[in-house]
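# Structure assessment
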Amino acid sequence: MSPDPSQNPHASSSLRFGYGTNGLADLRLDDALALLADLGYDGVGLTLDHMHLDPLATDLAARTRRVARRLDELGLGVTVETGARYVLDPRRKHGPSLLDPDPDDRARRVDLLLRAVRVAADLGAHAVHCFSGTVPDGTDEDTAWKRLTETLAPVLDAAATAGVPLAVEPEPGHLLATLADFHHLRRTLGDPEPLGLTLDLGHCQCLEPLPPADCVREAAPWLRHVQIEDMRRGVHEHLPFGDGEIDFPPLLAALAATGYQGLTVVELPRHSHAGPHFAARSLPFLRRAAQRTAALPPHGDPSATPEGSTTP
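Once that is clear, we can look at the overall build of the chain. Helix and strand counts for the chain come out as nine helices and 10 strands. Buried positions account for 56% of the 312 residues belonging to the chain. Summarising the internal contacts of the chain: among those between residues at least 6 apart in sequence, 76% fall at separations of at least 24. Total accessible area computed for the chain in this model is approximately 13,500 Å², and 50% of it derives from carbon and sulfur atoms.

Below, the structure is given as structure tokens:
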């Protein structure tokens, strides 16, 4: 009988898989980290939040040192994510944002990102993830882009000093929603070296004009962090693997071919109620898909622009 590649941590793929703590919100952080190590994950996408590593805690530095020791003991890599829903405001999901009309509120989000950069440096993380936020009511897009570039400037300076890339994520419904929007930001800022990209592969399926594998190839020079889940065209809903429309072997083949060295993190924030179950299911699925990439042509399956895309 042939060995099951899903049980082989050295399957023929250079990819390193992690799982996001935003999908394990009902677990203590130490329990979540131990679970992921036991399951065979290479790392963790650590969302800074009140129930795990609280970025607003007065003893944040000490807590971060303890987490760094635990990650080292477990052999887990880490990326720092900043998508906690209510960590800054108990009434506004993801608020305030970098686009908020109130400059003091924008400063609160900037402070969170600066804290995240310091945490990432102390943990030895490969990147800090962030996003733009949605355009507030009454704010025109030119003003929103101006706010985004201004608020990111000190964060990029801090990231450069710390030697940790800032990986901005295109998020459906946000000002910066697509790869084209990321390139607009990059050019507007003068292509700063610390600025990179978080590419959510499900988002590519959801709304990009190119198929996901082609998105990966197009984004390769700027990839600093990758998130993965299943998704359907035109529907922004993070789904367990097999419940959506993504063909994963050619997608993972394209990602491996870029030479990307960071974590590819499973992103199932709405499945925390059964987080350990989905963490246990997801890694074997990804390993089997990665194993099947060996049978694909050098550039994966032929690509075609899907019908119905509304992204320019």
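As a further point, take the side chain of H52. In this structure, H52 sits in the loop between β2 (43–47) and α2 (60–74). The exposure class of H52 is buried, given its relative accessible area of 9%. In this structure H52 touches T21, L24, A25, L27, R28, L29 and T47, once residues within four positions along its chain are discounted.

Another aspect to go through is the confidence of the model for the chain. Taken as a whole, the chain shows an average pLDDT of 91; of its residues, 90% reach a score of 70 or greater. Note on residues 1–12: pLDDT under 50 across the span, and 14 contacts to partners over four residues away in sequence or across chains. Here residues 300–312 scores under 50 on pLDDT; set against residues more than four positions off or in separate chains, the count is 26 contacts.

Take helix α9 (residues 275–292) next. With 18 residues, α9 extends 26 Å from end C-alpha to end C-alpha; this agrees with the ideal 26 Å at 1.5 Å per step. Where α9 is concerned, the buried positions are G275, F278, A279, S282, L283, P284, F285, L286, R287, A289 and A290. Contact partners of the buried residues in α9: β1 (16–20), α1 (29–39), β7 (223–228), α8 (248–257) and β10 (263–266).

All right, on to the packing of aromatic side chains then. The geometry of an aromatic ring pair is captured by two quantities: the separation of the ring centres and the angle between the planes. Applying the stated criterion to the full structure yields four aromatic pairs. Ring centres of F241 and F285 lie 5.0 Å apart, and the angle between their planes is 10 degrees; on these two criteria the pair is classed as stacked. With F241 in the loop between β9 (235–239) and α8 and F285 in helix α9, this residue pair connects regions lying 44 residues apart in the sequence. Accessibility classification places F241 together with F285 in one group, the buried group. Seen in terms of ring centroids, F248 and F285 are 5.4 Å apart; in terms of plane orientation they differ by 90 degrees. Their pairing is edge-to-face. Highlighted residues: F248 in helix α8 and F285 in helix α9, separated in sequence by 37 residues. As far as burial versus exposure is concerned, F248 and F285 are alike and both buried.

For the coordinates displayed, the defined rule picks out zero disulfides. Not part of a disulfide, C204 finds its nearest cysteine sulfur in C215, a span of 3.9 Å.

A word on the layout of surface pockets. In this structure, the largest pocket spans a volume of roughly 630 Å³. Taken together, 29 residues make up the lining of the largest pocket; nearest its centre are N22, G83, R85, H94 and P269. Looking at the lining of the largest pocket, the element that brings in the most residues is β9, giving three residues. When the residues that make up the lining of the largest pocket are grouped by side-chain class, the tally is seven nonpolar, 13 polar and nine charged.

This next bit is on the nonpolar core. Ranked by internal contacts, the top residues of the largest apolar core, which has 79 residues, are Y19, V80, L148 and L199. Filtering out sequence-adjacent residues up to four positions away, L199 remains in contact with L179, C204, C215, V216, A219, L223, H225, V226 and Q227.

It is at 10 Å that the axes of α1 and α9 come closest, and there the two elements cross at 25 degrees. Relative to α9, α1 is oriented roughly parallel. Judged by the twist between their axes, the crossing of α1 over α9 is right-handed. From α1, L35, L36 and L39 reach across to α9, where they touch P276, A279, A280 and L283. Across the contact of α1 with α9, the residue classes break down as seven nonpolar, no polar and no charged.

Right, let's get into α1. For α1, the set of buried residues is L29, A32, L33, A34, L35 and L36. The inward-facing, buried residues of α1 abut β1, β2, α2 and α9. Among the residues trailing α1, G40 stands out with phi positive, at a value near 100 degrees.

Let us look at unusual backbone geometry. What you tend to see is this: most non-glycine residues have negative phi, and most peptide bonds are trans. Between G95 and P96 the backbone carries a cis peptide bond, its omega angle lying at -10 degrees. Relative to the helices and strands, P96 resides in the loop between β3 (77–81) and α3 (103–123). For H94, which is not glycine, the phi torsion reads 60 degrees and is therefore positive. Mapping H94 onto the fold places it in the loop between β3 and α3. The partly exposed category is assigned to H94, whose relative accessible area is 21%. A positive phi angle is found at D191, which is not glycine, with a value near 55 degrees. Here D191 shows up in the loop between α5 (179–188) and β6 (195–200).

The rules behind each value
Residues numbered from 1 in each chain as written. Predicted model: local features only at pLDDT ≥ 70, side-chain atom pairs only at ≥ 80, totals over all residues. Heavy atoms only, no water. Helix = DSSP H or I, 4+ residues; strand = E, 2+ residues; numbered from the N terminus. Buried < 20%, exposed > 50% of the residue type's maximum accessible area, 1.4 Å probe, protein only. Contact = heavy atoms within 4.5 Å. Areas by Shrake-Rupley, 256 points an atom, 1.4 Å probe, with all protein chains shown as cover. pLDDT = per-residue confidence, 0-100. Expected span 1.5 Å × (residues − 1). Phe/Tyr/Trp six-rings, centres within 6.5 Å; stacked < 30°, edge-to-face > 60°. Disulfide = S-S within 2.5 Å. 1 Å grid on protein atoms, 1.4 Å probe; cavity = no way out; pocket = protein on both sides within 12 Å on 5 of 7 lines; lining within 4 Å. Points joined across faces, edges and corners; volume = space filled by probe spheres on them. Nonpolar A, V, L, I, M, F, W, Y, C, P; charged D, E, K, R; others polar. Core = buried A, V, L, I, M, F, W, Y, C linked by side-chain atoms within 4.5 Å. Axes fitted to C-alpha atoms, helices over the stretch in contact; angles between N-to-C directions. Parallel < 35°, antiparallel > 145°, perpendicular 65-115°, else oblique. Left-handed = near helix turned anticlockwise from the far one by under 90°.

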